[in-house]
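Chain by chain, the residues run as shown.
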Amino acid sequence: MTTRPLSVFHARFGDDPDRGARFLLTAEHLGPLLASPLGHQVARVARLPHVVGEIVAHPDVSAKPFGFPAGIALTTAPGWLYPLSAPDMGCGYLVLDSGITVDPDTDHPALAAAYEEMVRLIAVDSPSRADVGVDVRDVLTAGVAALGAPAGFHTADAPAEENNSWPARLDLLAGAAVDTVLRRSLGSAAGHFVACYLVERALLPGAPPPGRIIVVVHVGAAPIRDQLNRRGLFLDLAQEAVRRGISTPADAAAGLFAVDLDTASGQALLGTAMAARNFGYANRQIVAERVLAALSGTLRATAAAVQLRHVDHTAFERVDAGIRARRGLQPLHPDRPVFVTGGEHTHAYLCHTGRSGALADDLVCHGAAVRETPGVPPALWDRPDLDVGPAQLRHWATTMHSNTRYDDHRFWTDVTNLEAVIGQLATIDLARPAARLRQLANYRETAL
């Protein structure tokens, strides 16, 4: 293996000059990664059959179950797909400037009431969560278009970004039981989370003002993924790949099995991925409207609510003649910010596009790495855009509204990872922090 130091690092695994990986990491992070099991996992993915060109690893690259790390993009040759290279189909963010400006100390009772109302409106098991009143099959085939314009916020300049490359198909989602599960999931954060942040500091011109509540709906199509798992779809595909000699038993056992898109099962899988994408986009819009309604019930808006971004970060999409799979990566946009999250109790960032988008194929990571770190480095607090001390960060984390338990070790690991990722994005000039967001509330939905 050889590496060439640039603002990114290119690694070749084996003798093929056209195969390898492009690491969007600074030198201090690259060495430990390459020496770790995660580095070996990236190398194994880069050498898979039907993968063409370089895979791209972003600063938040992290090990995940079933072979494919999060934080990578890969392209497969025409007619081939690795199903688990983008397993959480349709997952993404709707980021909303609520138009509501608050002081978290004086407005604490109103924020608490808004949080309770938000949970009442979106929790899967809430007896008062309203039915959406739209046919779930229309949502699966048409996405946001099945809902009409959102009632509570402006989207004319920032529409949803489904951009499906193939028609949605419902072959694998047939049956009354599936219909019931998906219909009940609409309007909820099933399997994911919804968070409300406060703009703690504006770092670049044009960012929302300090005190503004930013709503982040992180929702996908977890119920669809769950139904496919229950039916054993991926196990069947893995066994078929081994039977046909497409993938080795060892690769299949690790989740690194390929699918031939000229087969009926391959076409059904790809169409289901597009249906899941539609479902995720529509559900995020429904949930965002409900969260905004909860906030507006106890807090007064000082400006109109505006959608800042509505984008997915796990998807299959057409690139030239091949297929790009991106897991945990969102497209950059010159006029719309990207949201980079930390952990369940940490701060987060809105970022503007930098000048090095071409190095990353116009993609950027969506969050901090989900991995252990050696601790909080002292240099973390020397960042010019992080003029907040550890005690204040910890105080914010332990006083926010949340339905998950605070864990001190996890918190500092997440903070360290987030700041490392943001620092690397700024160093590479892939994305520039535009606003630092203090978390006010986080609702994680574990039911499906």
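The shown structure was predicted, so the numbers you read here are calculated from the model rather than taken from an experiment. (Residues numbered from 1 in each chain as written. Predicted model: local features only at pLDDT ≥ 70, side-chain atom pairs only at ≥ 80, totals over all residues. Heavy atoms only, no water.)

## Regarding the overall build of the protein chain
Selection criterion: Only DSSP runs of H or I reaching four residues or more are called helices, and only runs of E reaching two or more are called strands; each is numbered from the N terminus. Note that the radius of gyration is over C-alpha atoms, with the globule rule given as 2.2 Å times the number of residues to the power 0.38. Burial status follows relative accessibility: with a 1.4 Å probe on protein chains alone, a residue under 20% of its type maximum counts as buried, one over 50% as exposed, and anything between as partly exposed.
Counting its regular elements, the protein chain contains 11 helices and 19 strands. Relative to the 2.2 N^0.38 estimate, which gives 22 Å for 448 residues, the radius of gyration of the protein chain is 21 Å and therefore close to what a compact globule would have. Judged by the C-alpha coordinates and their principal axes, the protein chain covers about 65 × 55 × 40 Å. Evaluated residue by residue, the protein chain yields a buried proportion of 60% over its 448 residues.

## A closer look at the packing of aromatic side chains
Formally: Pairing of aromatic side chains here covers Phe, Tyr and the six-membered ring of Trp, requires ring centres within 6.5 Å, and sorts the geometry by plane angle: under 30 degrees stacked, over 60 edge-to-face, intermediate tilted. Think of it as a cone above the ring: NZ of Lys or CZ of Arg counts as a charge over the ring if it is within 6 Å of the ring centre and within 35 degrees of the ring normal.
Inspection of every chain in the model, using the stated rule, returns 5 aromatic pairs. Aromatic ring contacts, followed pair by pair, group Tyr 93, Tyr 197 and Phe 339 into a single cluster. Over the face of the ring belonging to Tyr 281 we find Arg 284, whose NZ or CZ atom lies 4.5 Å from the ring centre.

## Observations concerning the pairing of strand E11 (residues 306-312)
The cut-off we apply is this: Two strands pair under a simple rule: DSSP has to find at least two bridges between them.
Among the 7 residues that make up E11, 6 are buried, leaving the element largely enclosed by the rest of the structure. Pairing geometry for strand E7 (residues 92-101) and E11, over 6 bridges, is antiparallel. Bridge pairing links Gly 92 to Asp 312 in E11.

## Observations concerning the layout of surface pockets
Threshold: For cavity detection a 1 Å grid was placed over the protein atoms alone, and a set of points counts as a cavity when a 1.4 Å probe fits there but cannot get out; an open set counts as a pocket when protein lies on both sides within 12 Å along at least five of seven lines, with lining residues being those that have an atom within 4 Å of a point. Grid points are joined across faces, edges and corners, and a volume is the space filled by probe spheres set on the points. Basically, the charged four are Asp, Glu, Lys and Arg, the nonpolar ten are Ala, Val, Leu, Ile, Met, Phe, Trp, Tyr, Cys and Pro, and anything else, Gly included, counts as polar.
Put simply, the largest pocket is a space of about 1,200 Å³. Residue lining of the largest pocket: 49 residues in total, with Lys 64, Asp 88, Arg 225, Arg 327 and Val 370 positioned closest to the centre. The set of elements that each furnish at least two residues to the lining of the largest pocket consists of strand E4 (51-62), strand E5 (70-76), strand E8 (193-202), helix H6 (222-230), helix H7 (233-243), helix H8 (249-253), helix H11 (408-428) and strand E19 (431-444). The residue makeup of the lining of the largest pocket, split by class, is 20 nonpolar, 18 polar and 11 charged.

## So, empty space enclosed by the protein
Enumeration over the complete set of coordinates arrives at 4 cavities of 30 Å³ or more. A volume near 80 Å³ is recorded for the largest cavity. If you trace the largest cavity, you find it lined by Leu 111, Ala 114, Tyr 115, Met 118, Cys 196, Ile 213, Val 291, Ala 294, Leu 295, His 401, Leu 440 and Ala 441. Those elements that place two or more of their residues in the lining of the largest cavity are helix H3 (108-122), helix H9 (264-296) and E19. Considering each element in turn, the lining of the largest cavity owes the most residues, 4 residues, to H3. Among the residues forming the lining of the largest cavity, the class breakdown is 11 nonpolar, 1 polar and no charged.

## Considering the side chain of Glu 240
The following threshold applies: Throughout, a residue-residue contact means that at least one pair of heavy atoms, one from each residue, lies within 4.5 Å.
Looking at where Glu 240 falls in the secondary structure, it is placed in helix H7. Sequence-distant contacts of Glu 240, defined by excluding residues within four places in its chain, comprise Thr 263 and Ser 265.

## Points about the nonpolar core
Our working rule: To define a nonpolar core, start from buried Ala, Val, Leu, Ile, Met, Phe, Trp, Tyr and Cys residues and group those joined through side-chain atoms within 4.5 Å.
Counting residues in each nonpolar core, the largest one holds 67 residues, and the members touching the most others are Phe 23, Ile 224, Phe 279 and Phe 316. No other element matches H9, which puts 9 residues into this core. Residue contacts for Phe 23: discarding those within four places in its chain leaves Val 8, Phe 9, Ala 11, Phe 13, Leu 30, Leu 33, Leu 34, Val 42 and Ala 57. Counting residues in each nonpolar core, the second largest holds 32 residues, with Leu 96, Ile 100, Val 291 and Ala 441 among its members.

## Points about the environment of Ile 213
Take Ile 213: it is sitting in strand E9 (residues 212-219). By relative accessible area, which is 0% here, Ile 213 ends up buried. Residues Ile 213 and Thr 101, spaced 112 residues apart in sequence, show a C-alpha to C-alpha distance of 6.0 Å. Those residues within four positions of Ile 213 in sequence are excluded, and the remaining contacts are Leu 96, Asp 97, Ser 98, Ile 100, Val 102, Leu 111, Cys 196, Tyr 197, Leu 295, Leu 299 and Leu 440.

## With respect to the pattern of salt bridges
So the rule is basically this: We define a salt bridge as a contact between a side-chain nitrogen of Lys or Arg and a carboxyl oxygen of Asp or Glu at a distance within 4 Å.
The tally for this structure, following the rule as stated, stands at 23 salt bridges. Between Arg 137 and Asp 179 there is a salt bridge; the shortest N-O distance is 2.9 Å. Placement of Arg 137 in helix H4 (residues 136-142) and of Asp 179 in helix H5 (residues 176-185) is noted, with a sequence separation of 42 residues between them. Residue Arg 137 is classed as partly exposed on the basis of its relative accessible area of 24%. By sharing partners, the salt bridges in this structure join Arg 277, Asp 312, Glu 317, Arg 324 and Arg 326 into a single network.

## A few points about the pairing of E19
Within a regular strand, side chains alternate between the sheet's two faces. Condition: Crossover handedness is defined here as right-handed if the route from the first strand over the helix to the second strand goes clockwise, with the strands pointing away from the viewer.
Taken across its 14 residues, E19 has 12 buried, putting it largely inside the fold. Two strands pair when backbone bridges link them, and strand E16 (residues 348-353) and E19 are joined in this way by 6 bridges, in the antiparallel orientation. Bridge pairing in E19 places Ala 348 opposite Leu 437. Relative to E19, strand E18 (residues 401-402) runs parallel, the two being bridged by 2 bridges. Residue pairing in the sheet places His 401 in a bridge with Ala 441 of E19. Taken together, E18, H11 and E19 constitute a β-α-β crossover, and its handedness is left-handed.

## Re H6
Those residues of H6 not exposed but buried are Ala 222, Pro 223, Ile 224, Asp 226, Gln 227 and Leu 228. Tucked into the core, H6 has its buried residues touching H4, H5, H7 and H9. Following H6 by one or two positions, Gly 232 adopts a phi angle in the positive range, close to 70 degrees.

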